[in-house]
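Coordinate analysis (summary)
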Amino acid sequence: MRRWCAASPPADENFSYAWLKGHARNLATQPYVSHKGELPESLKHLDWDDYQQLHFKKKAALWRNDEVNFRVELFHLGLYFDTPVQMYELQDGKASPIKYSSAMFDYGKSKVDGKALPKDLGFAGFRMQFHTDWERDVIAFLGASYFRAVGQEMQYGLSARGLAVDTAMDHPEEFPMFTDFWLEHPKNNADVTTVYALMDSPSVTGAYRFDIQPGARLKIKVDAAIYPRKAIERLGVAPLTSMYMVGENDRRTDYDWRPEIHDSDGLAMHTGTGEWIWRPLNNPAELRFNAYSDDNPKGFGLLQRDRNFDHYQDDGVFYEKRPSLWIEPTSNWGKGSVQLVEIPTLDETFDNIVAFWNPAQPVEAGQELLFSYNMYWGA
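Here the structure is a predicted model, which is why all the values come from computation and not from measurement.

Description of the overall build of the protein chain
Secondary structure summary: the protein chain contains 3 helices and 25 strands in total. Here the C-alpha radius of gyration of the protein chain, 21 Å, is about what a compact globule of 379 residues would show, namely 21 Å. In the protein chain, which comprises 379 residues, the share counted as buried stands at 56%. Taking the contacts inside the protein chain whose residues are at least 6 apart along the sequence as the reference set, 69% of them involve residues at least 24 apart.

Structure representation (structure tokens):
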């Protein structure tokens, strides 16, 4: 397998968000190098059942033996997750690689020989628990630049992404990936922890800082610095991904006993002029695209407003507990539009709803695009 150099400062230099932005900017001047598929053969062809056998051991959780309010568990590579992600622990400005070890995992009945895997394998992503519940996650980063979080209901639902590139165009969408994460060691008794991420793709690189604060509504303070390698026709900032199959507005696929099947039921917008707009979601017969022009928006999000169990009647996945996700810009985003994509679906396991902010200014190579915003996850 081909490995790459550690993406951390030299030993005599502290890690900082400023360093990470500089690293991402420099990376954008270089040709893109993909590491997709750099896996041992034993991991390349796992099916879903085999992959579900790969469990991270609770006793190996990062910070388990420290007097802090957070713990981290790591995801194993395999199945759809075939690009190694590098993980680092950050303490007092110094970044230390988190090295893969087969001792971290239980391989169950998967027939994967963990001891035969390389020691520089890397990981697929990570999930985090908070001291109020060491068993269930509050946030997880897994696959491309996707991540999910929960509010007090502790129920996963829709997802967010670091960035969207050319969604719903006449050519394939590009999915930038978080290739490296730096997990800052939490302070004692702190209810906020910080994660840094490096993003890379053929069209763009990026540096991200996430300040994560669990609670009744989990809050993430996001700072993002985007560096295009080339012109991008449709850039999606703070993209949200959800599912709407059947509901009050659309019964096109009403062949199931459940009255409603959706993670979100509408797009909400708070415009720069203070107007509130609610756009109910649909599952159209053909792809549907809408753009809502705005100047310096106050917020937008995909919400699950219907919290009534009787409207779903599913005691397995609990759609009435799925979190809403609200985006609140904390910097001036200027002119652009909130864009909504609705894709036909016949299956509730496929996400078919995407919403994001698209800047009006053309995106060209060599730019630095800075976005800051808060994310609120919960009912």
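Re empty space enclosed by the protein
Scanning the model with the defined rule gives 1 cavity of 30 Å³ or more in all. If you add up the space inside the largest cavity, you get close to 50 Å³. Around the largest cavity, the lining residues are Val 85, Ala 124, Phe 141, Leu 142, Gly 143, Ala 144, Tyr 146, Met 177, Phe 178 and Phe 181. Every element with two or more residues in the lining of the largest cavity is listed here: β7 (139-142) and β11 (177-184). In terms of residues, the lining of the largest cavity owes the most to one element, β11, which gives 3 residues.

Section: the packing of aromatic side chains
Taken as a whole and assessed by the stated rule, the structure comprises 30 aromatic pairs. Both rings, one in Phe 15 and one in Trp 19, keep their centres 5.7 Å apart while their planes meet at 50 degrees; by these two values the pair is tilted. Across this residue pair, the class does not change: Phe 15 and Trp 19 are buried. Ring centres of Trp 19 and Trp 182 lie 6.4 Å apart, and the angle between their planes is 75 degrees; this geometry places the pair in the edge-to-face category. Residue Trp 19 is found in helix α1 (residues 17-27), and its partner Trp 182 is found in strand β11; the two are separated by 163 residues along the sequence. Residue classification places Trp 19 among the buried positions, given a relative accessible area of 14%. Looking at Arg 258, its charged tip hangs above the ring of Trp 257, at a distance of 5.8 Å from the centre. Between Lys 321 and the ring centre of Phe 318, over which it is positioned, the NZ or CZ distance is 4.6 Å.

A short note on the sheet that holds β11
The 11 strands are arranged β4-β3-β11-β12-β13-β14-β25-β22-β21-β18-β19 in an open sheet whose pairing can be described as mixed. The open sheet terminates on both sides in strands that have one partner only, identified here as β4 (94-97) and β19 (276-280). Averaged over all pairs of adjacent strands, the angle between their axes in this sheet comes to 20 degrees, without regard to strand direction. Across 6 bridges, β11 lies against strand β12 (residues 193-200) in antiparallel orientation. When the sheet's bridge partners are listed, Leu 183 is paired in β12 with Val 195.

Things to note about unusual backbone geometry
Phi is positive for Asn 296, which is not a glycine, with a value near 55 degrees. As for its position among the elements, Asn 296 is in the loop between β20 (288-295) and β21 (299-303). Accessibility expressed as a relative area gives 29% for Asn 296, which makes it partly exposed.

Topic: α1
Helical geometry: 3.6 residues make up each α-helical turn, so side chains three or four residues apart lie on a common side. Tyr 17, Trp 19, Leu 20, Ala 24 and Leu 27 are the residues of α1 that are buried. Buried residues of α1, viewed axially, fall in a sector of 155 degrees; they line one side. In the core, the buried residues of α1 are packed alongside β11, β12, β13 (204-213) and β14 (218-228).

Considerations on a nonpolar patch on the surface
Among the surface-exposed residues, Leu 287, Phe 289 and Ile 343 lie close enough to one another that they form a single nonpolar patch of about 230 Å² accessible area. Taking relative accessible area as the criterion, Phe 289 reaches 32% and is therefore assigned partly exposed.

Quick word on the pattern of salt bridges
Within this structure, the stated rule accounts for 17 salt bridges. With a closest N to O distance of 2.9 Å, Glu 73 and Lys 58 form a salt bridge. Of this pair, Glu 73 sits in strand β2 (residues 70-75) while Lys 58 sits in the loop between β1 (55-56) and β2, and the two are 15 residues apart along the sequence. Here Arg 258 and Glu 348 are joined by a salt bridge, their closest N and O atoms 2.5 Å apart. Remark: Glu 348 occurs in the loop between β23 (335-342) and β24 (353-359) and Arg 258 occurs in the loop between β16 (244-246) and β17 (261-262); sequence separation between them is 90 residues. By relative accessible area, Arg 258 is classed as buried at 7%. Overall, the relative accessible area of 24% leaves Glu 348 in the partly exposed class.

Parameters at a glance
Residues numbered from 1 in each chain as written. Predicted model: local features only at pLDDT ≥ 70, side-chain atom pairs only at ≥ 80, totals over all residues. Heavy atoms only, no water. Helix = DSSP H or I, 4+ residues; strand = E, 2+ residues; numbered from the N terminus. Rg over C-alpha atoms; globule rule 2.2 N^0.38 Å. Buried < 20%, exposed > 50% of the residue type's maximum accessible area, 1.4 Å probe, protein only. Contact = heavy atoms within 4.5 Å. 1 Å grid on protein atoms, 1.4 Å probe; cavity = no way out; pocket = protein on both sides within 12 Å on 5 of 7 lines; lining within 4 Å. Points joined across faces, edges and corners; volume = space filled by probe spheres on them. Phe/Tyr/Trp six-rings, centres within 6.5 Å; stacked < 30°, edge-to-face > 60°. Lys NZ or Arg CZ within 6 Å of the ring centre and 35° of its normal. Pairing = 2+ DSSP bridges. Axes fitted to C-alpha atoms, helices over the stretch in contact; angles between N-to-C directions. Arc of directions from axis to C-beta. Patch = residues over 30% accessible without salt bridge, like charges linked within 9 Å, V, L, I, M, F, W, Y side chains within 5 Å. Areas by Shrake-Rupley, 256 points an atom, 1.4 Å probe, with all protein chains shown as cover. Salt bridge = Lys/Arg side-chain N within 4 Å of Asp/Glu carboxyl O.

By themselves, these figures tell us nothing about what the structure is for.
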